[in-house]
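Analysis of the macromolecular model
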Amino acid sequence: MPSPLWPYITPGIPDELFEHLPGIPLSQREVRLLLIAQLRLKPDSVLWDIGAGTGTIPVEVGLLCPNGKIIAVERDEEVANLIKRNCDRFEVKNVEVIEGSAPECLHDLKVTPHRVCIEGGRPIQEILQAAWHYLPSSGRVVATAANLESLYAISQIFSQLRARNIEVVQSAVNRLETRGFSQTFTAVDPIFILSGEKLD
């Protein structure tokens, strides 16, 4: 369901339309599109977004899947409130924001997921392993890695969990920006997007 602020059925909301806070991660538009593509959502999907940051993924998925349910998990109260404000901004009604630390808070979530998106969290292997436990067969996890250590950690736990249909995509995006009197291309921070399915 489109909102007045973004009256389109396609994802890709410009970053500047979201309220954000200094130092709080924001999944940039082009990376967000890749991430959403890897989630392979259905109209009624239940998504857990762990480490939801600014709330860009919950907002986009909430608009794309009006019959779905999105649980946004964020440990910091101020950041959790930011997610709620961004949902209100876009009139998204199917997002529930849970304030808590993963993986400990996951057992309190009332609906089990079809898809899990992990956008951070220091104990990434523990979070992924705990979330995997709640996924049904054919459930899917998508996780992001901004550095080599996280890439290795996610790859290792996917192997231990015997994830199937693993895909790894690295973004390489440049945006045209105006600086003074000239236009230059500026790189968006590259990120690895890993995805895998539970087929047992």
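Conventions adopted
- Residues numbered from 1 in each chain as written.
- Predicted model: local features only at pLDDT ≥ 70, side-chain atom pairs only at ≥ 80, totals over all residues.
- Heavy atoms only, no water.
- Phe/Tyr/Trp six-rings, centres within 6.5 Å; stacked < 30°, edge-to-face > 60°.
- Helix = DSSP H or I, 4+ residues; strand = E, 2+ residues; numbered from the N terminus.
- Buried < 20%, exposed > 50% of the residue type's maximum accessible area, 1.4 Å probe, protein only.
- Pairing = 2+ DSSP bridges.
- Axes fitted to C-alpha atoms, helices over the stretch in contact; angles between N-to-C directions.
- Contact = heavy atoms within 4.5 Å.
- Salt bridge = Lys/Arg side-chain N within 4 Å of Asp/Glu carboxyl O.

Points about the packing of aromatic side chains
Applying the stated rule across the entire model yields four aromatic pairs. Taken together, a centroid distance of 5.2 Å and an interplanar angle of 55° make the contact between Trp 48 and Tyr 134 tilted. Of the two residues, Trp 48 is situated in strand β1 (residues 46-50) and Tyr 134 in helix α4 (residues 124-134); the sequence distance between them amounts to 86 residues.

What to know about unusual backbone geometry
Trans peptide bonds make up the majority, and among non-glycine residues the majority have a negative phi. Here Ala 102 and Pro 103 are connected by a cis peptide whose omega angle stands at 5°. Mapped onto the secondary structure, Pro 103 falls in the loop between β3 (95-99) and β4 (115-118). In this structure, Asn 165 takes a positive phi of about 50° despite not being glycine. Here Asn 165 is to be found in strand β6 (residues 164-170). Take Asn 165: its relative accessible area is 45%, and that puts it in the partly exposed class.

Here's the deal with the sheet that holds strand β2 (residues 69-74)
Strands sit in the order β3-β2-β1-β4-β5-β9-β6 across an open sheet of seven strands; the sheet is mixed. The sheet terminates laterally at β3 and β6, the two strands that pair on one side only. Strand-to-strand, the axes of this sheet are offset by a mean angle of 15°, without reference to chain direction. Running at roughly 170° to β3, helix α3 (residues 77-89) makes contact with β2 and β3 of the sheet. Packing against the sheet, helix α5 (residues 148-161) makes contact with β5 (140-145), β6 and β9 (192-197), and its axis sits at approximately 5° to β9.

Thoughts on the pattern of salt bridges
Under the defined criterion, the tally for this structure stands at twelve salt bridges. One salt bridge in this structure joins Arg 32 and Glu 60, with 2.7 Å as the shortest N-O distance. Of this pair, Arg 32 sits in helix α1 (residues 29-39) while Glu 60 sits in helix α2 (residues 56-64), and the two are 28 residues apart along the sequence. Among the residues examined, Arg 32 registers a relative accessible area of 1% and is labelled buried.

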